[in-house]
Amino acid sequence: MSRIVILGGGESGWGAAVLAQKKGYDVFLSDAGHISDKYKNLLNQYHIPWEDGNHSENLILNADEVIKSPGIPNTAPIVRKIMQIGIPIISEIEFAGRYTHAKMVCITGSNGKTTTTSLTYHILKTAGYNVGLAGNIGRSLAYQVAEKDYDYYVIELSSFQLDNMYDFKADVAVLLNITPDHLDRYDYNMQNYVDAKMRIVQNQTPEDAFVYWMDDPIIQKELHKYGIQSRLCPFSELKKAGSIGYLEDGKYELEYPMPVNLEQERLALQGKHNLYDSLAAGISANIVGVKSEVICQCLQDFQGVEHRLEKVTTINGVLYVNDSKATNVDACYYALDSIHTPVVLIIGGKDKGNDYSEIIPMVKQKCRALVYLGADNTKLHDNFDSLGIPVVDTSSMADCVTECHRLAQPGDTVLLSPCCASFDLFHNMEERGMMFKDLVKKLKDITE
């Protein structure tokens, strides 16, 4: 019996453990941190041995294969030891892909992944497809393969997941954009990050499709390097030679494989960045075979994604918007670009090697004030204090919301769009967004 060890006891890890057990492997799960009670109970329910708070080398280094959760870096001591003795390390997605013949629609990019994945899933689900939602969103792909196994999966893939995928193939691969992100995990070398993103096209054949934003300069530069075999299905903001999706005369247009057109003003998602997401999702659904009328319907009735430019409430004429998913500079840029009122911007967190120069002109143009939210705001002070805009330091969400309320004026927007990861003060970006929303709603109850 082959032995599989899973590192990480979150959604990805426990799903991989369930599938490995079902396929007859000797399974052990280890997490150096704390496994939540939810996942402990699930592991116990399936009688899967586990540990947390420690990595027992005698129970790990005898593995035939290791499935590593994407949040664990290769620099972790236990991962270094696994690599030194030559035990193969794969991702949960790679493992799950071995045990399903489902069609895979896989979506990556520095920004817009969750919105595009959710919208694509919404279209396929509405069209009646037997489809699962997986990756960085939804339930673990491995768990779904073990217990349900759909005919189609729509999968959001991070660069970390792509790093440990080797034989897995996307039937439809979507690359939204590539901008600097997670450089702390890639030796502060942009090319390393780019190479990880481009792995989305590996193993594709001429029967598969590659959907990408043709206006992205990095993608254009990289295309020729990878011997791409799949059908190229590029989209652009405006009609260009070769583009199969674009805007023209105020209309959303898809050319391939079936024509789709819709008045732009009827799209549920507004703003330039959301246009790209809507084009990518529409093209992907079109390739899979969804009828044009269903695509149009779903582009109009989609409800959006939590923590992505999510309107929370209005207090004394000030709109509060939760964009906690904006964990890099480019995402914050698009958020600011979509807002047409003065902004009190909440920015900060765990810096990932950010270059803030891209948003400085937008901050100068749009922002009434900046509220720094982080354990260490030194880099923010270095980049923004000289702009002459009022700034405030905070190290808790409660203080942050209080300062925003003090600084904002009627007609303004308070925007949580942090540019940074959340791990300095919060467990994850979801907790950061939920805490913001809860405190804003409590503020509303007090003030109105």
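Everything numeric in this text was worked out from a predicted model, so none of it was measured.

A.B. asks: Before we go on, may I ask you to explain the layout of surface pockets in this structure?
C.D. replies: Left-over empty space is what a probe sized like a water molecule reveals as it rolls over the atoms. Taken as a whole, the second largest pocket spans an internal volume of roughly 460 Å³. Lining the second largest pocket are 18 residues; nearest its centre among them are Gln 270, Asn 274, Arg 308, Leu 309 and Lys 311. The set of elements that each furnish at least two residues to the lining of the second largest pocket consists of α11 (272-288) and β16 (318-322). Broken down by class, the residue content of the lining of the second largest pocket amounts to seven nonpolar, eight polar and three charged.

A.B. asks: Is there a simple way to think about the side chain of Gln 144 in this case?
C.D. replies: Mapped onto the elements, Gln 144 comes out in helix α7 (residues 141-147). Overall, Gln 144 belongs to the buried group, its relative accessible area being 5%. If near-sequence neighbours (up to four positions away) are discounted, Gln 144 is found in contact with Gly 132, Leu 133, Ala 134, Arg 139, Asp 149, Tyr 150 and Tyr 153.

A.B. asks: Which parts of the structure should I look at to understand empty space enclosed by the protein?
C.D. replies: One pass over the structure, following the stated rule, counts two cavities of 30 Å³ or more. Within this model, the largest cavity holds a volume of roughly 150 Å³. What lines the largest cavity is a set of 17 residues, and nearest its centre among them are Asn 111, Gly 112, His 273, Asp 277 and Tyr 334. For the lining of the largest cavity, the elements supplying multiple residues, two or more each, are α11 and α13 (329-338). By residue number, the principal contributor to the lining of the largest cavity is α11, which donates four residues. For the lining of the largest cavity, the class distribution of residues is eight nonpolar, six polar and three charged. Lining of the second largest cavity is provided by Cys 106, Leu 157, Leu 162, Met 165, Phe 168, Lys 169, Ala 170, Arg 199, Ile 200 and Gln 202.

A.B. asks: Looking at this structure, I do not really get unusual backbone geometry. What am I missing?
C.D. replies: In the segment running from Tyr 256 into Pro 257, the intervening peptide bond is cis, with an omega of -5 degrees. Relative to the helices and strands, Pro 257 resides in the loop between β13 (251-254) and β14 (260-263). At Cys 419, a residue that is not glycine, the phi angle is positive and equals roughly 70 degrees. Tracing the backbone through its elements, the reader meets Cys 419 in the loop between β20 (413-416) and α17 (429-447). For Cys 419, a relative accessible area of 0% gives the class buried.

A.B. asks: Sorry, what's going on with the packing of aromatic side chains here?
C.D. replies: Within a pair of aromatic rings, the relevant descriptors are the distance that separates the centres and the angle that separates the planes. In this structure the tally under the stated criterion is eleven aromatic pairs. An angle of 85 degrees between the planes, with centres 5.9 Å apart, marks the rings of Tyr 333 and Tyr 334 as edge-to-face. With relative accessibility at 27%, the residue Tyr 333 sits in the partly exposed group. In textbook terms, an aromatic cluster arises when at least three aromatic residues are bridged by ring pairs, as seen for Trp 14, Tyr 39, Tyr 46 and Tyr 143.

What counts, and at which threshold
Residues numbered from 1 in each chain as written. Predicted model: local features only at pLDDT ≥ 70, side-chain atom pairs only at ≥ 80, totals over all residues. Heavy atoms only, no water. 1 Å grid on protein atoms, 1.4 Å probe; cavity = no way out; pocket = protein on both sides within 12 Å on 5 of 7 lines; lining within 4 Å. Points joined across faces, edges and corners; volume = space filled by probe spheres on them. Helix = DSSP H or I, 4+ residues; strand = E, 2+ residues; numbered from the N terminus. Nonpolar A, V, L, I, M, F, W, Y, C, P; charged D, E, K, R; others polar. Buried < 20%, exposed > 50% of the residue type's maximum accessible area, 1.4 Å probe, protein only. Contact = heavy atoms within 4.5 Å. Phe/Tyr/Trp six-rings, centres within 6.5 Å; stacked < 30°, edge-to-face > 60°.

Keep in mind that these numbers describe shape and distance, not what the molecule does.
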